[in-house]
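Inside the fold
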Amino acid sequence: EPLRARERYRAGARQAAARHAHAEAAELLRAYLRLGQGPDAEGVEARLELAEALAPAGHREQALEEYRIAGAEAEALGLPALQSTGLLGQSTLRREAGEMEEARRLAQQALELERGLGSRRRQGVMLNELGVVASQQSRFDHVLEVGISHAVLRPSAGHPDRRIRHRCGRRRDR
């Protein structure tokens, strides 16, 4: 019976999140987690979903804590992809709060995990976060560096120097 209840809580939470009913989603995910037997991959995913529900509802500190716990559980379980998702979530919230150095550090950690996994798409997501942090710090030298790293992932995307400088407002393609 608890297993069936957990499934229904999580399904309900996903439906609530799809309707942007973040408080309802968070409540259902908390109920799901209370019925857990300890950390497992599904629990880590649910905790990440909980953090994603808390942040737009204005509960930034709680969201950060859930991302942190999810990352720690993922690391303990040997799930680096979920660990990097937790780090990325923390990075995004720190960046939005203006905590740029911490955001950069977290995004860099996530990128290193993804490089170890070899997922080019996910590396691109982490590089994007690093680029956003750098651009908000007006560190265009670092934005260019991140762009070149991304171009290595997608060589057909064009010359990275032109593309990045265009995004930063320095120079436009001719």
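Being a predicted model, the structure only gives us computed values, none of them experimental. (Residues numbered from 1 in each chain as written. Predicted model: local features only at pLDDT ≥ 70, side-chain atom pairs only at ≥ 80, totals over all residues. Heavy atoms only, no water.)

Within the protein, the regular secondary structure consists of nine helices and zero strands. Out of the 174 residues in the protein, the part that is buried amounts to 42%. Here the contacts in the protein between residues at least 6 apart in sequence split such that 47% fall between residues at least 24 apart. Summed over its atoms, the accessible surface of the protein is roughly 9800 Å², and 49% of this surface lies on carbon and sulfur atoms. (Helix = DSSP H or I, 4+ residues; strand = E, 2+ residues; numbered from the N terminus. Buried < 20%, exposed > 50% of the residue type's maximum accessible area, 1.4 Å probe, protein only. Contact = heavy atoms within 4.5 Å. Areas by Shrake-Rupley, 256 points an atom, 1.4 Å probe, with all protein chains shown as cover.)

With that out of the way, let us pick up the pattern of salt bridges. Enumeration according to the criterion identifies 15 salt bridges in this entry. The partner of R10 in a salt bridge is E45, and the shortest N-O contact between them spans 3.4 Å. Of this pair, R10 sits in helix α1 (residues 2–18) while E45 sits in helix α3 (residues 41–54), and the two are 35 residues apart along the sequence. Note on E45: relative accessible area 33%, which makes it partly exposed. Note that E49 is salt-bridged to R10, the shortest N-O span being 2.8 Å. Of this pair, E49 sits in helix α3 while R10 sits in helix α1; the two residues are 39 residues apart in sequence, bridging distant segments of the chain. Exposure remark for R10: the relative accessible area of 8% places this residue in the buried category. Through salt bridges with shared partners, a single network forms among R10, R14, E45 and E49. (Salt bridge = Lys/Arg side-chain N within 4 Å of Asp/Glu carboxyl O.)

Our next topic: unusual backbone geometry. Notably, H20 is not glycine yet its phi reads approximately 65 degrees, a positive angle. Look at H20 and you get exposed, because its relative accessible area is 61%.

On to α3. A rise of 1.5 Å per residue sets the reference length of α3, with its 14 residues, at 20 Å; its end C-alpha atoms lie 20 Å apart and thus fit the reference within 8%. Most of α3 is tucked away: 10 of the 14 residues are buried. Looking only at α3, the buried set comprises G43, V44, A46, R47, L48, E49, L50, A51, A53 and L54. (Expected span 1.5 Å × (residues − 1).)

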